[in-house]
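Report on the structure
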Amino acid sequence: LVLYAQILNGHRAYLKLSEVYEKILELSPEQIGVYIELARVYRFNDEVDKSFATLRTALEFNPRSVDVHRTMAQMYTLIGEKEKAQEHLDIISGL
């Protein structure tokens with residue numbers, strides 16, 4: 001499934017890609033990197049709320065994940081919420 005997801009990502013087939021990532025997480029929900037990739041796919045599909053929800057779920061599994069906090073900061077920056085972005089950067093600094 002992971003290889004299939006990589007192929008879909010290369011072809012920018014984001015709608016199908018989200019389904020594959022969701023299936024991977026059903027089978028192996030502790031895969032933090034898959035949450036990040038799924039959040040990016042949602043962002044590309046203009047599903048910002050789903051993107052943030054996905055990242056929050058990743059933080060439930062690993063609240064100390066630098067990658068998830070960095071992605072959250074990037075997402076908040078993209079939507080113009082610089083204070084929230086800074087909160088996540090501050091968390092990274094404290095890890």
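The structure contained in this document is the topic of the report that follows.

1. Quick look at helix H4 (residues 48–61)
- The first and last C-alpha atoms of H4 sit 20 Å apart over 14 residues, in line with the 20 Å expected at 1.5 Å per residue.
- Within the span of H4, buried status applies to Ser51, Phe52, Thr54, Leu55, Ala58 and Leu59. One side of H4 carries all its buried residues, which in axial view fall inside an arc of 160°. Projecting away from the buried face of H4 at angles above 90 degrees are the exposed residues Asp49 and Glu60.
- Tucked into the core, H4 has its buried residues touching helix H3 (32–44), helix H5 (66–78) and helix H6 (82–94).

2. So, unusual backbone geometry
- Phi is positive for aspartate 46, which is not a glycine, with a value near 60°.
- By the element assignment, aspartate 46 lies in the loop between H3 and H4.
- The class of aspartate 46 is exposed, set by a relative accessible area of 69%.

3. Some remarks on the packing of H4 against H5
- Where H4 meets H5, the axes come as close as 10 Å, and the angle between the chain directions of the two elements is 160°. Viewed along their axes, H4 and H5 adopt a mutual orientation that is roughly antiparallel. For the pair H4 and H5, the sense of crossing is left-handed. Taking contact as the criterion, the partners of Val48, Ser51, Phe52, Leu55, Arg56, Ala58 and Leu59 in H4 are, on H5, Val68, His69, Thr71, Met72, Met75 and Tyr76.
- Here the contact of H4 with H5 is built from residues that sort into nine nonpolar, three polar and one charged.

Conventions and cut-offs
- Residues numbered from 1 in each chain as written.
- Predicted model: local features only at pLDDT ≥ 70, side-chain atom pairs only at ≥ 80, totals over all residues.
- Heavy atoms only, no water.
- Helix = DSSP H or I, 4+ residues; strand = E, 2+ residues; numbered from the N terminus.
- Expected span 1.5 Å × (residues − 1).
- Buried < 20%, exposed > 50% of the residue type's maximum accessible area, 1.4 Å probe, protein only.
- Arc of directions from axis to C-beta.
- Contact = heavy atoms within 4.5 Å.
- Axes fitted to C-alpha atoms, helices over the stretch in contact; angles between N-to-C directions.
- Parallel < 35°, antiparallel > 145°, perpendicular 65-115°, else oblique.
- Left-handed = near helix turned anticlockwise from the far one by under 90°.
- Nonpolar A, V, L, I, M, F, W, Y, C, P; charged D, E, K, R; others polar.

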